[in-house]
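Structural overview for review
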Amino acid sequence: MAQKAVGLLSFSAISSLALRTHIARRTPLNLNLLRCLSTKDLQPSTSTMHDYLLQNIKISRDTTDVLQIVGSHHNIMNVRHVMQALRCLFDLEKTGKCHMPKKQIVKNPDFIKLCKRLKSQVRAISLNDAIEALKIVSYIGVPGNSTIVQVLLQLVRQGVNDLSLQHIVFLEFIMKNFERSPLVDALRIALPLVFDAQLSLKIDRENVTSLATLLQYACEKPVSDNSINIIVSSLQNLASDIDVRTAANIVFAISDFKKQSQSFQALLSHCWQVLAENMNECTYIEMEKLLDCMVKKHKWKEVQFYHEEYADACARYVITRDCGFEEGTYVLKKLTRLGHVNIGLIDYLGEKIVNNPKLVQECKSVIYFSLVSGIANADYKPESWDCIKDALLTNNVLCSKEKVGLPWLRLALDFALLDIYCPDLLQFVLQKDFLQQFLAREYNLLDRLQLLLLYQAVVTMYPSYSGILPPKDMIDAVISQNGDHVEHFPLQAALERGLGGPAYVWTRLVTKLGHFIDHLVVMRKGGYPVAMNQIPNDSSSKTYIEDLLIPSDSQIILILCMPASSYAVNCQRLRTVSLLTIRTLETLGYSVVPVNLQQWINLPDYEKIPYLMQNIKMKCDTMESSEANIVH
């Protein structure tokens, strides 16, 4: 008895709580959900007896006919007649056979009589009929604060503990469009509680479609982790029955969950795989909407939402169906945000541009910037690159530069990585007025570091540039801050042990152009480290590489610690900022060893030092080979 009492809620207590709690959310009615709820959960509870009035209502083929019958016979209509009239109105409206606008139906005197008759029959209405009537009047457009809706909600309130799980989901859906009232607020509080209390008793563990619907409700509402786990485990047991539509619904449901949870990971991965393998069953809009979910969650560091096969499947979808230049660029934009590289998609877009350069020359700014960013992020130049490059440089948005708020500085960085230096663009982004406006935004270290990187790229890799450079005070301010955010040097101890001690490894250095260097080692021919007397360093002082006294027969090697975000998520390609940093350092004459920090951390301890030593040795061998080639 105690357990049974847990499942039954005191509605007076809920109503009292509702007066202090307000929950409001509005979304448009979904016709598909209305259709799917015309099932056994919403069937009338009374048997249908043959009578002429009921038969005449059933055979009506127009809304006007139904309303005329109601107007003439409403005084003798019973519950069966009223419900049949409502069903006919709903079916005619749903199938497009109604020639009367919904607003006109709601105001029609005969429809008002039908609602009054329904109210008068309230004692004879079953819970199923009340919910079906609520569905129909809501669909037609009767306001949530109307008398008939409030009467029907009162019937639901009285039978709240007898509701099926599907009833609960559907009622919550309907009430999203109702104006707030004590009764509506109370039900919004009660329904999740009833759902939570009765899920384990009423759940149909063999109906995968129903389970997906329950999951969506559970992810949106404040239900217990236990209830969510019950639904997830049931879905996992039916994994082989999950089709494309169900998989999409599950992904959308999980994307609505406000908390991070590992319990979804296996189910989510399976659903992405189903979608990736059956992408041909999706429309372009459906495919892109699902990819949006992945991007949105990945942005908030929910890495379990990323699925490499699905991302590649989106690119293949665009290519095989020849979706077009704009559509392909929108997908490229999303893949770039994920840090995912797909060379095939870039080749597809490159071919489109070669065949019709005007696609780039006349495209919208969002298309243009997304295209350049995607190509730079892959560090890849498609075939006929010169033709593509010419089209990029003659784009209308680039030539006019009318919209100052666009990411011009990032465009200049992406161009630099692609060996494109546009003097007009550099003059535009490096002028004092533009930079003052750019840096006047809410303080963002990333913006300032991008400015510093562009400055480094122009000075080192575009020596013929004779235009303006950023004001010295701006650059000096950024240089002084670069590296301040770095507090830990996870490679330091391993490098010192591998090379012979602290005397062989310098940590936390900078160049006079502002590059931040994690570690520096000096190697002489044969791959032997050179020990050097180190000046005591603290966080308030800078050690410049240029000031170090290096033996003439040795070579500086810079070791940069690269976090996972520096690499493409699906391959070991370095991304724009990290790659451009390395290239500017190499242009200055330094040898650079980038170390993938995540990969290094995942190594067994006994492999970590050999891994670092091998990378340094490979760089030394490459240097010696290059010098030998120069001599010969």
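Scoring rules and cut-offs
- Residues numbered from 1 in each chain as written.
- Predicted model: local features only at pLDDT ≥ 70, side-chain atom pairs only at ≥ 80, totals over all residues.
- Heavy atoms only, no water.
- Helix = DSSP H or I, 4+ residues; strand = E, 2+ residues; numbered from the N terminus.
- Buried < 20%, exposed > 50% of the residue type's maximum accessible area, 1.4 Å probe, protein only.
- Contact = heavy atoms within 4.5 Å.
- Areas by Shrake-Rupley, 256 points an atom, 1.4 Å probe, with all protein chains shown as cover.
- Core = buried A, V, L, I, M, F, W, Y, C linked by side-chain atoms within 4.5 Å.
- Axes fitted to C-alpha atoms, helices over the stretch in contact; angles between N-to-C directions.
- Parallel < 35°, antiparallel > 145°, perpendicular 65-115°, else oblique.
- Left-handed = near helix turned anticlockwise from the far one by under 90°.
- Pairing = 2+ DSSP bridges.
- Patch = residues over 30% accessible without salt bridge, like charges linked within 9 Å, V, L, I, M, F, W, Y side chains within 5 Å.
- Salt bridge = Lys/Arg side-chain N within 4 Å of Asp/Glu carboxyl O.
- Lys, Arg positive; Asp, Glu negative; His and termini not counted.
- Charge placed at Lys NZ, Arg CZ, Asp CG, Glu CD.
- Phe/Tyr/Trp six-rings, centres within 6.5 Å; stacked < 30°, edge-to-face > 60°.
- Right-handed = clockwise from strand over helix to strand, strands pointing away.
- Expected span 1.5 Å × (residues − 1).
- pLDDT = per-residue confidence, 0-100.
- Nonpolar A, V, L, I, M, F, W, Y, C, P; charged D, E, K, R; others polar.

Right, let's talk about the overall build of the protein for a bit. Each helix and strand in the protein was counted, giving 33 helices and 5 strands. Taking all 632 residues of the protein together, 52% fall into the buried category. Sequence separation of 24 or more characterises 76% of the internal contacts of the protein that already satisfy a separation of 6 or more. Accessible surface for the protein amounts to roughly 30400 Å². Of this, 52% is attributable to carbon and sulfur atoms.

In this section: the nonpolar core. Counting residues in each nonpolar core, the largest one holds 193 residues, and the members touching the most others are Phe195, Leu215, Tyr310 and Trp408. Ranked by the residues each element gives to this core, the list is headed by helix α6 (residues 79-94), at 9 residues. Setting aside chain neighbours within four positions, we find Phe195 in contact with Leu165, Ile168, Val169, Leu214, Tyr217, Ala218, Val223 and Ile231.

So, about the packing of helix α9 (residues 127-140) against helix α11 (residues 165-175). One can describe the packing of α9 onto α11 by two numbers: an axis separation of 11 Å at closest approach and a directional angle of 30 degrees. By the angle class used here, α9 and α11 are roughly parallel. Between α9 and α11 lies a crossing whose hand is left-handed. Packed against α9, whose contacting residues are Asn128, Ile131, Leu134, Lys135 and Ser138, the element α11 presents His167, Phe170, Leu171 and Ile174 at the interface.

Turning to the pairing of strand β2 (residues 516-524), a few remarks are in order. Extensive coverage of β2 is indicated by the burial of 8 of its 9 residues. Across 4 bridges, the pairing between strand β1 (residues 506-510) and β2 is antiparallel. Bridging across to β2, Val510 finds its partner in Phe516. Linking β1 back to β2 in an antiparallel pair, the connection comprises 5 residues, with Gly514 at a positive phi of about 100 degrees. For β2 and strand β4 (residues 554-562), the ladder comprises 6 bridges, and the chain directions are antiparallel. Each bridged residue has a counterpart across the sheet, and for Leu520 the counterpart in β4 is Leu558. Here 2 bridges tie β2 to strand β3 (residues 528-529), and the two strands are oriented antiparallel to one another.

Attention now goes to a negative patch on the surface. Among the surface-exposed residues, Asp204, Glu206, Asp241, Asp243 and Glu281 lie close enough to one another that they form a single negatively charged patch. Residue placement: Glu206 occurs in the loop between α12 (182-202) and α13 (208-220).

What follows deals with the packing of aromatic side chains. The geometry of an aromatic ring pair comes down to the distance between the two centres and the angle between the two planes. This structure, assessed with the given rule, holds 13 aromatic pairs. Summarising the aromatic geometry, the rings of Tyr368 and Phe369 are spaced 5.8 Å apart at their centres and angled 85 degrees between planes, so their arrangement reads as edge-to-face. Judged by relative accessible area, which is 0%, Tyr368 ranks as buried. Overall, the relative accessible area of 11% leaves Phe369 in the buried class. Between Phe428 and Phe434, the aromatic rings sit 5.2 Å apart at their centres with planes inclined by 45 degrees, giving tilted as the arrangement. One exposure class covers both Phe428 and Phe434, and it is buried. Cluster of aromatic residues (ring-pair linked, three or more members): Tyr368, Phe369, Trp408, Phe428, Phe434 and Phe438.

Turning our eyes to something else, we now look at the pattern of salt bridges. Inspection of every chain in the model, using the stated rule, returns 17 salt bridges. Lys113 is paired through a salt bridge with Asp110; the nearest N and O atoms lie 3.8 Å apart. You can see Lys113 and its partner Asp110 sitting in helix α8 (residues 109-120), 3 residues apart, about one turn around the helix. Among the residues examined, Lys113 registers a relative accessible area of 31% and is labelled partly exposed. When the shortest N-O distance is used, the salt bridge between Lys352 and Asp322 registers 2.7 Å. With a gap of 30 residues between them, Lys352 in helix α20 (residues 343-355) and Asp322 in the loop between α18 (308-320) and α19 (325-338) connect regions that are remote in the sequence. Given the relative accessible area of 22%, Lys352 is considered partly exposed.

This part is about the pairing of strand β5 (residues 591-596). The buried count for β5 comes to 5 of 6 residues, which makes it a mostly enclosed element. Sheet topology note: the β4/β5 ladder contains 6 bridges and is parallel. Bridge pairing in β5 links Ile559 to Val593. Crossover handedness for the path β4 to helix α31 (residues 576-587) to β5: right-handed.

Moving on, we come to the environment of Gln68. Within the fold, Gln68 resides in helix α5 (residues 63-73). Residue class for Gln68 comes out partly exposed when judged on its relative accessible area of 47%. Sequence separation between Gln68 and Phe111 is 43 residues; the distance between their C-alpha atoms is 9.4 Å.

Moving on, we get to helix α15 (residues 244-255). The end-to-end C-alpha distance of α15, which contains 12 residues, comes to 17 Å, matching closely the 16 Å that a straight helix rising 1.5 Å per residue would cover. Counting buried positions along α15 yields 9 of 12 residues, so the element is predominantly enclosed. Regarding α15, the residues found buried are Val244, Thr246, Ala247, Ala248, Ile250, Val251, Ala253, Ile254 and Ser255. Of the surrounding secondary structure, the elements contacted by the buried residues of α15 are α13, α14 (225-237), α16 (265-277) and α17 (284-299).

For the protein, per-residue confidence averages 86 on the pLDDT scale, and residues scoring 70 or more make up 89% of the total. Here residues 1-49 scores under 50 on pLDDT; set against residues more than four positions off or in separate chains, the count is 95 contacts.

This part is about the packing of helix α10 (residues 147-158) against α12. Viewed as axis vectors pointing N to C, α10 and α12 meet at an angle of 35 degrees, and their least axial separation amounts to 10 Å. Between α10 and α12 lies a crossing whose hand is left-handed. Contacts from Gln150, Leu153, Gln154, Val156 and Arg157 of α10 reach α12 at Leu183, Val184 and Leu187. Residues that form the contact of α10 with α12 fall into these classes: 5 nonpolar, 2 polar and 1 charged.

Tracing the backbone through its elements, the reader meets Lys103 in helix α7 (residues 102-107). Relative accessible area serves as the criterion here: at 71%, Lys103 is assigned to the exposed category. Remark: the alpha-carbon pair of Lys103 and Ile140, spanning 37 residues in sequence, is separated by 7.8 Å.

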